[in-house]
Structures are given as structure tokens and as C-alpha cells.
Amino acid sequence: MSEASEQGGAARGRTGPAPGHTYVPGRGGPPARPAPPAPRVRLVDVAREAGLSKTTVSAALNGTGRLSSEVREKARETARRMGYRPNATARQLRAGRARLIGYVVGELADTPWTFLESPYFARLTGATAATALARGYAVVLLPAGSLQSEWAALPLDAVVVADPVADDRIVEDLLAARIPVFSDRSVEGREGAHWVDVDAADAVGRTLDHFHAQGARGPVVVVPDSTTRFHREVAAAHRAWCAAHGVPERAVRVPEAGNGPVIRAVETALTGGPDRPDALFVVAEASPPLVLEAARRAGYGVPGDLLLACVSEDETAVHTAPPVTTLSLRPDAVAEAGVAHLVAVLEQGERETAGALVPVRLDVRASSVRSP
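Criteria and thresholds
Residues numbered from 1 in each chain as written. Predicted model: local features only at pLDDT ≥ 70, side-chain atom pairs only at ≥ 80, totals over all residues. Heavy atoms only, no water. Helix = DSSP H or I, 4+ residues; strand = E, 2+ residues; numbered from the N terminus. Buried < 20%, exposed > 50% of the residue type's maximum accessible area, 1.4 Å probe, protein only. 1 Å grid on protein atoms, 1.4 Å probe; cavity = no way out; pocket = protein on both sides within 12 Å on 5 of 7 lines; lining within 4 Å. Points joined across faces, edges and corners; volume = space filled by probe spheres on them. Nonpolar A, V, L, I, M, F, W, Y, C, P; charged D, E, K, R; others polar. Pairing = 2+ DSSP bridges. Axes fitted to C-alpha atoms, helices over the stretch in contact; angles between N-to-C directions. Contact = heavy atoms within 4.5 Å. Phe/Tyr/Trp six-rings, centres within 6.5 Å; stacked < 30°, edge-to-face > 60°. Lys NZ or Arg CZ within 6 Å of the ring centre and 35° of its normal.

### Considering unusual backbone geometry
Alright, step 1. Backbone torsion omega between Val302 and Pro303 reads 10 degrees, so that peptide bond is classified as cis.
Alright, step 2. The topology assignment puts Pro303 in the loop between α12 (288-297) and β9 (307-311).
Alright, step 3. Across the junction of Ala321 and Pro322, the peptide omega takes the value 0 degrees, indicating a cis bond.
Alright, step 4. By the element assignment, Pro322 lies in the loop between β9 and β10 (325-328).
Alright, step 5. The phi dihedral of Arg178 is positive, around 65 degrees, even though this residue is not glycine.
Alright, step 6. Counting through the fold element by element, Arg178 comes out in the loop between α8 (170-176) and β4 (181-183).
Alright, step 7. The exposure class of Arg178 is exposed, given its relative accessible area of 71%.
Alright, step 8. A positive phi angle is found at Arg330, which is not glycine, with a value near 55 degrees.

In C-alpha cells, the structure reads:
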């Protein structure tokens, strides 16, 4: 190679490819440079495009001001078409809030994301996210048993802790970090904590009273072996009801969540004692069709031999033969009440610690009604 050729090659090595040569990414050339991000659409850009003032567009997008429906719609449609988004950082600085709500389910810490497989928790989670978003807040899902290192760096305005277990320290850690906590009645009376709950005693009493009115005198209850407040109150209410009505207290505990363990507990409840029960109340969450099939395998006709009711949000209960009676804990109503209280605390400075008790709903169907 000549000296001139070596110099030309060195020059090309320093300044890039020779004219007419194109580097192909992944074939020995330098990586392609990413395209610069598109410039952010500003409020003034929307105003200019719509032929309106910046103040008018701002009022239209924020739902304020006295504007005609035509002007408000024109501003909103222009903003949508141009891809305008409010500056979240500026909003956070003005309001002093990030508008982010943490959400964690206290149960199922060993398998932290399986709560979404539960019809109850899936509906509670979805309703919480939708209700919060309608109020201008986004929900951040956190795993059960969250460590402080997993959420400490997040700019959370508050955290919803659904059904905390007795030994879960996340409530204590959040309150120590001065983050408001919204949970069940187990946090009642604690500074910085607020609660919304369902009436467990009413849930048990309403279902067992219904069985009793249908002639059942030997009910059995299948409950989770759980330390959440709701399940502890269910056990206490069942004990009190049995004592008040002079019937033996018959309960089978489920060691872990899931259809398999619950159905095995149902089989034990129906076949494990000296006397056959005449009513079955399944508090542990399981598929109603699977519970009904387990009763049939054990030799029971429903409702002729056995009255059946399940705590469930599973819509398949309506489509079985017979349809299964369900007790709904009304997760949509719980979410709405919780988010309304959360917003009142964050935006209106409400410091009232009194909580809200949401009534349950018993949907009576053919599985728990005996024909005359």
C-alpha cells in the first residue's frame, strides 16, 4: 500500500466514511444515532392552532371558566389532535403532589402478584384504579410484603393497603415515612391512617340467618386460615351466631389461597364429620361451579340435601345449575368510598379519622332456597 493510500485511510478513520459509503448498523459500522425526540406541543401551540387565547384553552382543558360548549370542544379537539399533554412536572411543583397512589394487597405475600387472579381483588384493584384516574390520580401497583426499598424512592402521595395481615410491616413503614395510608379498620385510630371496610358480622349473620330461615340447623363454614381483620371477624361472628342459635360450631380452615386448597377443604367439611351438614357457607374464595361439583361428588343434592352460598364476585355463579347464592363484599363501592376519602384528605386537608363501613349484598339464588 502506498503512503498516500495509508494517509487517506487514516484520514477516513478519523473523520468518517468516504463519500458515497453508507454504514449498515450491525455490520461493522458505528451505531446509528437515535432520532431526536419530537418537540413537545405547548399550550401556546394549541391556542395558536385553535385561534383562541392561551387562557381560554387552559380553562377549556381544565374544565373551568365560562365557555360555550363549542369553544370548549374546539380547544379539547385541537389539543387531542396535536397530541398535547400537560406538563406533569410543572403541575407537581404547583400542587406539591405527584398524583400517584400506591396500591398493595396485604394477603398473598408469598406469591405477591397472584391477587389479580382473584375475582374480588381484581375488581377491587380495577375499581380503585378507575376511580382514582377519574379524580386525576394514577395507581402504582406494589407487591404484597413490599420492602421499603421498593417504594421509598417513588413520589407517592398515599398508599392503599388492601387487607393487611397482622404481621405485615408495610403500614408501619409507610406511616413512619409520613405517607397517608388508606386501609381497612385495622388501622383505626392511628395518626395518618384512614379506613373503609365491610361489615363482617353483617356478612355472616345475613347468610346464616338465611340458611336458618330455610330450615338448616347444621351449617358448616369454610374460612381461610388468615390473620386479616375481615377473616378474624368472620370467625368471631360465626362463633357468636352459633352460640346464639344453639347450633354446633362447625368450621374448616383453608391453609392457603386457591381453588385447589379450598375445594379440598370443602370436601373435608362435607365428609369429615360424624353428621352430614345441611348448609355450606364458603367464605374462602373459590370458583362457585367447582364448589357445587364438589358437593355433588360428596353425594349431596343442592339445594335438596345441602344449601350452598359462597363469598364471591365470580359471575359464573349465575350460570350454574342451580345458580349459586353469593355474598358480595361490593369491591366497587369499597373503592369509590376509599378514593373519595383519599381525595378529601389530600386535597381538602381533611383530618377526620372516622372511617366508612360498606354494607355487603346477599344475592339469593336457587342453591340456597328449598322448595315448599
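Now that the structure has been shown, we can carry on.
### Quick look at empty space enclosed by the protein
Alright, step 1. Considering all chains together, one arrives at one cavity of 30 Å³ or more under this definition.
Alright, step 2. The volume enclosed by the largest cavity comes to roughly 30 Å³.
Alright, step 3. Elements that contribute at least two residues to the lining of the largest cavity include exactly α6 (119-134) and α13 (331-348).
Alright, step 4. Along the lines of polarity and charge, the residues of the lining of the largest cavity split into six nonpolar, one polar and no charged.

### Points about the sheet that holds strand β11 (residues 356-358)
Alright, step 1. The six strands lie next to each other as β2-β1-β3-β4-β5-β11, forming an open sheet whose pairing is parallel. On the outer flanks of this sheet lie β2 (138-141) and β11, each paired with one strand and no other. On average, adjacent strands in this sheet sit at an angle of 25 degrees to one another, irrespective of strand direction.
Alright, step 2. Here strand β5 (residues 193-198) runs beside β11; their pairing, made up of three bridges, is parallel. Residue pairing for β11: Val198 is matched across the bridge by Val358.
Alright, step 3. Across the face of the sheet, α13 comes into contact with β1 (100-105), β3 (158-162), β4, β5 and β11 while running at roughly 165 degrees to β5.

### Comments concerning the packing of aromatic side chains
Alright, step 1. Applying the stated criterion across every chain yields a total of one aromatic pair.
Alright, step 2. An angle of 65 degrees between the planes, with centres 5.1 Å apart, marks the rings of Tyr120 and Phe121 as edge-to-face.
Alright, step 3. Among the residues examined, Tyr120 registers a relative accessible area of 13% and is labelled buried.
Alright, step 4. Across the ring face of Tyr137, the terminal group of Arg99 is positioned such that the distance to the ring centre comes to 4.2 Å.
Alright, step 5. The ring of Tyr300 is capped by Arg276, whose NZ or CZ atom sits 4.0 Å from the centre of that ring.

### Concerning the sheet that holds strand β8 (residues 279-282)
Alright, step 1. Read from one edge of the open sheet, six strands run β7-β6-β8-β9-β10-β12, paired in mixed fashion. Since the sheet does not close on itself, it has two edges, and those belong to β7 (251-254) and β12 (361-363), each with one partner. Here the strands of the sheet are splayed against their neighbours by 15 degrees on average, with no regard to which way each runs.
Alright, step 2. The pairing of β8 with β9 spans four bridges and is classified as parallel. Paired with Phe281 across the bridge in β9 is Ala309.

### Digging into the environment of Val71
Alright, step 1. Relative to the elements of secondary structure, Val71 occurs in helix α4 (residues 69-82).
Alright, step 2. Taking relative accessible area as the criterion, Val71 reaches 27% and is therefore assigned partly exposed.
Alright, step 3. With 14 residues separating them along the chain, Val71 and Val57 place their C-alpha atoms 8.7 Å apart.
Alright, step 4. Discounting residues that sit within four places of it in the chain, Val71 has contacts with Leu52 and Thr56.

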